[in-house]
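Residue strings, one per chain:
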Amino acid sequence: MHSVKTVIDSPVGPLTLVAVDGALTGLYMESQRHRPPEEAFGEPDATPFGPVIEQLGEYFSGQRSEFDLQMAPAGTPFQRTVWSALCEIPYGETITYGELAGRIGNPSASRAVGLANGKNPIGIIVPCHRVVGSTGNLTGYGGGLDRKQHLLDFERRNTAGAQAELFAGYPTS
């Protein structure tokens, strides 16, 4: 098992990318809750991160709404189920922890879903920022609520822009 890391700049601050044997295992923000110690990330080596860096660049430029990457997040089977379900939340939309619990077939597990969501090791790409509290309010985000709000606003603006472009030239009445 060979672990490597690199750090890239982004609109939400530096992102530390971690890969094991070529598969993405982590995307961590500065001061992120549940961030492993730096020495656990391996040696600096940007080589395996070309597709990740390219797709993140496309995401942050508004040209990508889904990622297609080889990922291997380490977690319990329940956590991996939650993280997989996160990837099904459409770009620019949000759901509640309770709705996410229902989607994985365990509607009474919203607290456990929230805990798994908070331990998501591949932020942004596995879009845990798209989950909100039962009232629609922003609640907990490992990268900080300001970053969560930034990502949600960014996606909503891009979704609205794409819809406006799609309907440009059509009568509105």
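Residues numbered from 1 in each chain as written. Predicted model: local features only at pLDDT ≥ 70, side-chain atom pairs only at ≥ 80, totals over all residues. Heavy atoms only, no water.

Draft legend 1. Structural context of the pattern of salt bridges. Across all of its chains, the model carries four salt bridges by this definition. Measuring nitrogen to oxygen at the nearest pair gives 3.3 Å for the salt bridge that ties lysine 5 to glutamate 38. Of this pair, lysine 5 sits in strand S1 (residues 3–8) while glutamate 38 sits in the loop between strand S3 (23–29) and strand S4 (43–44), placing them 33 residues apart in sequence. Residue classification places glutamate 38 among the partly exposed residues on the basis of a relative accessible area of 33%. Among the salt bridges present, the one from arginine 64 reaches glutamate 58, with a minimum N-O distance of 2.7 Å. Each of the salt bridges in this network shares a partner with another, and the network as a whole consists of Lys5, Arg35 and Glu38. (Salt bridge = Lys/Arg side-chain N within 4 Å of Asp/Glu carboxyl O. Helix = DSSP H or I, 4+ residues; strand = E, 2+ residues; numbered from the N terminus. Buried < 20%, exposed > 50% of the residue type's maximum accessible area, 1.4 Å probe, protein only.)

Draft legend 2. Structural view of the layout of surface pockets. Space inside the largest pocket adds up to approximately 300 Å³. Along the walls of the largest pocket sit 20 residues, with Thr25, Tyr28, Pro36, Ala74 and Pro121 positioned nearest its centre. Mapped by element, the contributors of at least two residues to the lining of the largest pocket are strand S2 (15–20), S3 and helix H2 (77–86). No other element matches S3, which puts three residues into the lining of the largest pocket. (1 Å grid on protein atoms, 1.4 Å probe; cavity = no way out; pocket = protein on both sides within 12 Å on 5 of 7 lines; lining within 4 Å. Points joined across faces, edges and corners; volume = space filled by probe spheres on them.)

Draft legend 3. Examining the nonpolar core more closely. Residues Leu15, Leu56, Ile124 and Ile125 are the most contacted members of the largest nonpolar core, which totals 37 residues. Of all elements in the fold, only S1, S2, S3, helix H1 (50–60), H2, helix H3 (97–103), helix H4 (110–118) and helix H5 (145–166) reach the threshold of two or more residues within this core. Sequence-distant contacts of leucine 56, defined by excluding residues within four places in its chain, comprise Ile8, Leu15, Leu17, Leu27, Phe67, Ile124 and Ile125. (Core = buried A, V, L, I, M, F, W, Y, C linked by side-chain atoms within 4.5 Å. Contact = heavy atoms within 4.5 Å.)

Draft legend 4. Fine view of the environment of arginine 35. Relative to the assigned elements, arginine 35 resides in the loop between S3 and S4. Not counting the four nearest positions on each side in its chain, arginine 35 is found in contact with Thr16, Tyr28, Met29, Glu30 and Phe41. Within polar-contact distance, the side chain of arginine 35 engages the backbone oxygen of methionine 29 at 3.0 Å. (Polar contact = N/O pair within 3.5 Å; in protein donor to acceptor, adjacent residues only side chain to side chain.)

Draft legend 5. Geometry of the pairing of S2. Burial within S2 is extensive, with six of its six residues counted as buried. Residues Leu15, Leu17 and Ala19 of S2 are buried on one face, and the alternating residues Thr16, Val18 and Val20, pointing to the opposite face, are buried as well. Hairpin connection of S1 to S2: six residues between the antiparallel strands, including glycine 13 at a positive phi of 100 degrees. In this sheet, S3 lies alongside S2 in antiparallel orientation, the contact comprising six bridges. Its bridge partner lying in S3, leucine 17 is registered against leucine 27. If you look at the hairpin formed by S2 and S3, you'll find two residues sitting between the two strands, and aspartate 21 has a positive phi there, around 50 degrees. (Pairing = 2+ DSSP bridges.)

Draft legend 6. Fine view of the packing of aromatic side chains. Applying the stated criterion across every chain, the model contains six aromatic pairs. With a centroid separation of 5.0 Å and 80 degrees between ring planes, the pair formed by tyrosine 59 and phenylalanine 60 is classed as edge-to-face. Accessibility classification places tyrosine 59 together with phenylalanine 60 in one group, the buried group. Aromatic pair tyrosine 59 and phenylalanine 67: ring centres 5.5 Å apart, planes at 40 degrees, arrangement tilted. According to the relative accessible area criterion, tyrosine 59 is buried, its value standing at 0%. Grouping aromatic residues by their ring pairs yields a cluster made of Tyr59, Phe60, Phe67, Tyr91 and Phe154. (Phe/Tyr/Trp six-rings, centres within 6.5 Å; stacked < 30°, edge-to-face > 60°.)

Draft legend 7. Highlighting the sheet that holds S1. Taken together, the four strands give an open sheet; going across it, the order is S3-S2-S1-S4, and neighbouring strands pair in mixed fashion. On the outer flanks of this sheet lie S3 and S4, each paired with one strand and no other. As judged from the six bridges shared by S1 and S2, these two strands associate in the antiparallel manner. Counterpart to lysine 5 in the pairing with S2 is valine 18. In the packing of H1 onto the sheet, contacts are made with S1, S2 and S3, and the angle to S2 comes to roughly 145 degrees. (Axes fitted to C-alpha atoms, helices over the stretch in contact; angles between N-to-C directions.)

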